[in-house]
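Structural overview
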Amino acid sequence: MYYPRHAEEVVQRLAKRKSVVVLTGARHVGKLTMLRALLPSVTSVMMNHPLVRLSAIENPSLFFDLYKPPVVVDEIQKVPELFEYIKDIVDETADKGQFYCTGSQNFTLMSGVSESLAGRAGIIRLLGLSLREIVQSTYRIPFLPTAGHAEAVSASMEPLGYDDIVRLIHTGFFPELHQSEGDLDDWQDFYSSYFQTYIEKDVKDVLRIQDESAFIKFVRATAACTGNILNMSSIAEVCGKDVKTVQAWLSVLESSGLVYLLQPYHNNFNKRLAKTPKLHFLDTGLACWLLGWNTPEQLVHGAMWGHIFESFVFGEVLKSYYNNGIVVPPLYYYRDRERSEIDLVIEQGDTLHPVEIKTTSDPTSSMVSSFRCLDDIGGKKRGEGAVVCLAKEYLPLRDDAWIMPAQMV
């Protein structure tokens, strides 16, 4: 079963304005599948195929004589030589929507785009299925913790129960896991294969890893840090490497679309704010597999449940921005030297919207007491906020804050 992706509209929009559309995201999030569904008459060429890749490397000038645009080039970062030839073609014709390029290694891909296709390419970041896509909601506007958003999204989708949400968080959001009914053995098989493929195909293309077991320990230690402020020294200690190595490895996880480093909110008027990012593992199913939470029941009774739930909610918020074509979303967390903390701050012009993320189904007003810290930030005003949680109904918590069920993100 194919789930229509909200980013389809962004592809169509960019193809009318740009000669090249670049779609980046982790392996198996559905980049090529979406393009094939959206562009059924356009030829797709896969650079994972050794013979095709060899042909492109040895005869790049003839390659696009054989595969004339419009064309989809999958995993183009494997043949960076093609970027210059694409540049020459689009400069000659100036036609829009000629090339649709995908890549699962963002660092290599975007290096080629910035060097050869600057100004010629529109960029889209794609993550796994969003909750809205799974329930086939038609609401596509980026999340804000406001009454208007809650009313609009609730009108576009059926409510989900607690067990459904927990099951989805544990399953994860790779499309393959939702195409047919599966069991926990299928879940184990998928993530075991996925992780090994990731190491063999992506990591070794970028890093010359001599100690694979240390890298596996590193990824698991990173998953254990999801929803927490990043501490590279503790990760380095777990995997037995120095901080510089951990920093390099973390950049690969980030560029592969597996983790997101949420930066602290700051401006020039407030010197008290934290400087270290918060780490979020972007697929909660993969995080559960890495950490050994093998059933939904183990997850909700385990020590990581609150952090994984926070990463789930953050991931859904991030998807709502990426799926709208916003590649640098205005998302932050807040923490000052007095340890007042807000899980998520969304900047909208001169307004800051605070969000707390809790696993409770019965939040209290004390959970939003830290929201007042935003009142001291010069040049900004505090907007509506929310506690995103496992409550069943959308309700007012205070005059300026709402109880918002997780499915409304």
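Figured I'd write up the structure that's included with this text.

Rules used in this analysis
- Residues numbered from 1 in each chain as written.
- Predicted model: local features only at pLDDT ≥ 70, side-chain atom pairs only at ≥ 80, totals over all residues.
- Heavy atoms only, no water.
- Axes fitted to C-alpha atoms, helices over the stretch in contact; angles between N-to-C directions.
- Helix = DSSP H or I, 4+ residues; strand = E, 2+ residues; numbered from the N terminus.
- Parallel < 35°, antiparallel > 145°, perpendicular 65-115°, else oblique.
- Contact = heavy atoms within 4.5 Å.
- Nonpolar A, V, L, I, M, F, W, Y, C, P; charged D, E, K, R; others polar.
- Core = buried A, V, L, I, M, F, W, Y, C linked by side-chain atoms within 4.5 Å.
- Buried < 20%, exposed > 50% of the residue type's maximum accessible area, 1.4 Å probe, protein only.
- Phe/Tyr/Trp six-rings, centres within 6.5 Å; stacked < 30°, edge-to-face > 60°.
- Lys NZ or Arg CZ within 6 Å of the ring centre and 35° of its normal.

**A short note on the packing of helix H9 (residues 162-171) against helix H14 (residues 284-291)**
One can describe the packing of H9 onto H14 by two numbers: an axis separation of 5 Å at closest approach and a directional angle of 70°. One element, H9, and the other, H14, form an angle in the roughly perpendicular class. On H14, the residues touching Ile169, His170 and Thr171 of H9 are Thr284, Gly285 and Cys288. Taken together, the residues of the contact of H9 with H14 sort by class into two nonpolar, four polar and no charged.

**A few points about the nonpolar core**
Counting 106 residues, the largest nonpolar core has Tyr198, Phe215, Phe218, Phe309, Phe312, Leu331 and Ile346 as the members making the most contacts within it. By residue number, the principal contributor to this core is helix H16 (residues 305-322), which donates ten residues. Not counting residues up to four positions away in its chain, the partners in contact with phenylalanine 218 are Ile235, Cys239, Val246, Trp249, Leu250 and Leu253. Formed by 21 residues, the second largest nonpolar core is a distinct cluster that contains Val22, Val45, Phe99 and Ile123.

**Structural notes on the packing of aromatic side chains**
Within a pair of aromatic rings, the relevant descriptors are the distance that separates the centres and the angle that separates the planes. Scanning the model with the defined rule gives 19 aromatic pairs in all. Seen from their ring centres, phenylalanine 190 and tyrosine 191 are 5.1 Å apart, and the 80° between their planes marks the pair as edge-to-face. An angle of 45° between the planes, with centres 5.6 Å apart, marks the rings of phenylalanine 215 and phenylalanine 218 as tilted. Taken together, the residues span about one helical turn, with phenylalanine 215 and phenylalanine 218 both in helix H11 (residues 212-224) at a distance of three residues. The residues phenylalanine 215 and phenylalanine 218 share a single accessibility class, namely buried. A network of ring pairs unites the aromatic residues Phe174, Trp187, Phe190, Tyr191 and Tyr194 as a single cluster. The residue whose ring lies beneath lysine 319 is phenylalanine 173, and the NZ or CZ to ring-centre distance is 4.0 Å.

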